[in-house]
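Each chain is listed here by its residues.
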Amino acid sequence: MRYALAVYGGPYSQQASHSALRFADALLARGHQLTTVFFYHDGVYNAASMMAPPQDEPHLRDRWLSLAENHATRLQVCVAAGLRRGMLDEREAARHGKQGHTLEAPFELTGLGQLVEATLDNDHLITFA
């Protein structure tokens, strides 16, 4: 089966991100495919390139990166929610006259249309909020 996940919760303020990662690990271990993770609302903070949690805490961004690298999962960040929260890739930072950027590949800024597309292209969309 093909899955997509929608993550609405921030990485360290709620359980949503950690639960989504555990769910992803479980479904991949059972031979399913995870094509897309869409980060929305405070979930966009999962893509923060400057994230530096203490060593005794899980580094959730690194876990998302590993998922993308090992399973070709797309990591999509809602552009409207991201810009509102200061999550800009290099192109958007330049467009808005900002000195630096806070979002790097493989995370990509996308629109809600990609969430709809993920819903249509997969067997299941599971939301973590």
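Refer to the structure printed above.
Summary of the structure given here. What you see is a predicted model; the values in this text were computed from it and never measured. (Residues numbered from 1 in each chain as written. Predicted model: local features only at pLDDT ≥ 70, side-chain atom pairs only at ≥ 80, totals over all residues. Heavy atoms only, no water.)

1. What to know about the packing of aromatic side chains
A ring pair, where both rings are aromatic, is described by two values, the distance of the centres and the angle of the planes. Scanning the model with the defined rule gives six aromatic pairs in all. Judged by centre distance (5.4 Å) and plane angle (85°), the ring pair of Y8 and Y40 falls under edge-to-face. You can see Y8 sitting in the loop between strand 1 (2-7) and helix 1 (16-29) and its partner Y40 sitting in the loop between strand 2 (33-39) and helix 2 (60-71), a full 32 residues away along the chain. For Y40, a relative accessible area of 19% puts it in the buried group. When the centroid spacing of 5.1 Å and the interplanar angle of 85° are considered together, the rings of F39 and W64 count as edge-to-face. With a gap of 25 residues between them, F39 in strand 2 and W64 in helix 2 connect regions that are remote in the sequence. When sorted by exposure, F39 lands in the same class as W64, which is buried. Members of the aromatic cluster, each reached through a chain of ring pairs, are Y3, F23 and F128. (Phe/Tyr/Trp six-rings, centres within 6.5 Å; stacked < 30°, edge-to-face > 60°. Helix = DSSP H or I, 4+ residues; strand = E, 2+ residues; numbered from the N terminus. Buried < 20%, exposed > 50% of the residue type's maximum accessible area, 1.4 Å probe, protein only.)

2. Things to note about the pattern of salt bridges
Scanning the model with the defined rule gives five salt bridges in all. Two residues, E92 and R91, come together in a salt bridge whose shortest N-O distance is 3.0 Å. Accessibility expressed as a relative area gives 4% for E92, which makes it buried. In the salt-bridge network here, residues are joined through shared partners; they are R91, E92 and R95. (Salt bridge = Lys/Arg side-chain N within 4 Å of Asp/Glu carboxyl O.)

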